[in-house]
Amino acid sequence: MATAPLVEKPPAPVAEPPSRNPKKGILSYWRLYAAISPFYLLFLAFGLIPVGFSLYLSFHRWDGLGSMEYAGLSQYRYLLSDTDFWSSIGNTLIIWALATFPMIFLAMITAVMLNSAVRFKNVYRFAYFLPNVTSVVAVAIIFGSVFSTNFGLVNALLQAVGLDQIAWLNTPWGIKVAIATLMTWQWTGYNAIIFLAGLQTIPGELYEAARMDGAGPVQTFFRITLPLMRPVLLFVLVISTVTGLQSFSEPQVLLQSTANESTFSGGPDHAGRTMVLYFFQQTFDNNDFGYGAAVAWGIFLVVVIFSIINWRLVQRRGED
């Protein structure tokens, strides 16, 4: 039986896409752009423009009222030789170290305890997170009473165990310890919640396998928990560095009753004068807005450098 020959069908014509006007396509989404524009307008008005103006101001001398006088790089050269600025950097780094490392340790221990808790988990989480949402001013006033020389709770406990009183808010190291304790109390719960979120992403099968192999709690923590928590630890360390090196409210409110010159002096011997306090002192006490802007950019550079150092140290340990 003969079959009919196959006849190839001609290919169907390919429809060309309609030509579009790019301008018309962008304008067709104007409602969406208008919906998101408030954020960008506010960011432009209160973010980019002030930052750009501060950089411009750092090259000028200005008291806030008169005309600006171009100063070039002279203010930055003076900043490099300003002993008060370097002293504020030293105070900030000491307070940051006294607060950050105990805080991270306590936050990790708290997160492990919260992760293993069976009952009242939400109550514990709320209690540990509460200090972070409490007013810093109110907390600083309370800590000022706690570290008071004559009627403070800390000195009362020292006397109860037979030790002498310490003038916490009148000695250089006492001031730093008091500020660091306040910051540790304030941020431990916040970072514990972040660590808890990281712990809950670790598969439970790993812990089951470790227990079957005879690993104890300490070995499990250092061999499983800590390596897998390294990204979260890096995040907490960088965030703690950024916030700790910009401490302002804690020393300003805590030491305002002991300040000899102004509320930005940092207490006796300027022992609690952080970098941001020094910025406020130069800007608003001395009315030197140009040099204050240069100090602000110096603070920014210090924060960036130490954040990069911390990030590199944690990353190198992770590679090892």
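The structure we're discussing is the one just above.
Quick look at the structure, then. (Residues numbered from 1 in each chain as written. Predicted model: local features only at pLDDT ≥ 70, side-chain atom pairs only at ≥ 80, totals over all residues. Heavy atoms only, no water.)

1. Considering the packing of helix α9 (residues 204-212) against helix α10 (residues 217-228)
For the pair α9 and α10, interaxial distance at closest approach is 11 Å and the crossing angle is 160°. In this view, α9 runs roughly antiparallel relative to α10, as classed from their interaxial angle. Relative to α10, α9 is oriented so that their crossing is right-handed. Together, Leu206, Tyr207 and Ala210 of α9 and Thr220, Ile224, Thr225 and Leu228 of α10 make up the contact between the two elements. (Axes fitted to C-alpha atoms, helices over the stretch in contact; angles between N-to-C directions. Helix = DSSP H or I, 4+ residues; strand = E, 2+ residues; numbered from the N terminus. Parallel < 35°, antiparallel > 145°, perpendicular 65-115°, else oblique. Left-handed = near helix turned anticlockwise from the far one by under 90°. Contact = heavy atoms within 4.5 Å.)

2. Observations regarding the pattern of salt bridges
A complete count under the given rule lists two salt bridges for this structure. Arginine 273 serves as the salt-bridge partner of aspartate 84, at 3.6 Å between the closest nitrogen and oxygen. Separated by 189 residues along the polypeptide, aspartate 84 in helix α4 (residues 83-116) and arginine 273 in the loop between α12 (249-254) and α13 (275-285) bring together distant segments of the chain. Taking relative accessible area as the criterion, aspartate 84 reaches 35% and is therefore assigned partly exposed. A relative accessible area of 5% places arginine 273 in the buried class. One salt bridge in this structure joins glutamate 208 and arginine 211, with 2.7 Å as the shortest N-O distance. Of this pair, glutamate 208 and arginine 211 are both found in helix α9, three residues apart, which corresponds to roughly one turn of the helix. For glutamate 208, a relative accessible area of 43% gives the class partly exposed. (Salt bridge = Lys/Arg side-chain N within 4 Å of Asp/Glu carboxyl O. Buried < 20%, exposed > 50% of the residue type's maximum accessible area, 1.4 Å probe, protein only.)

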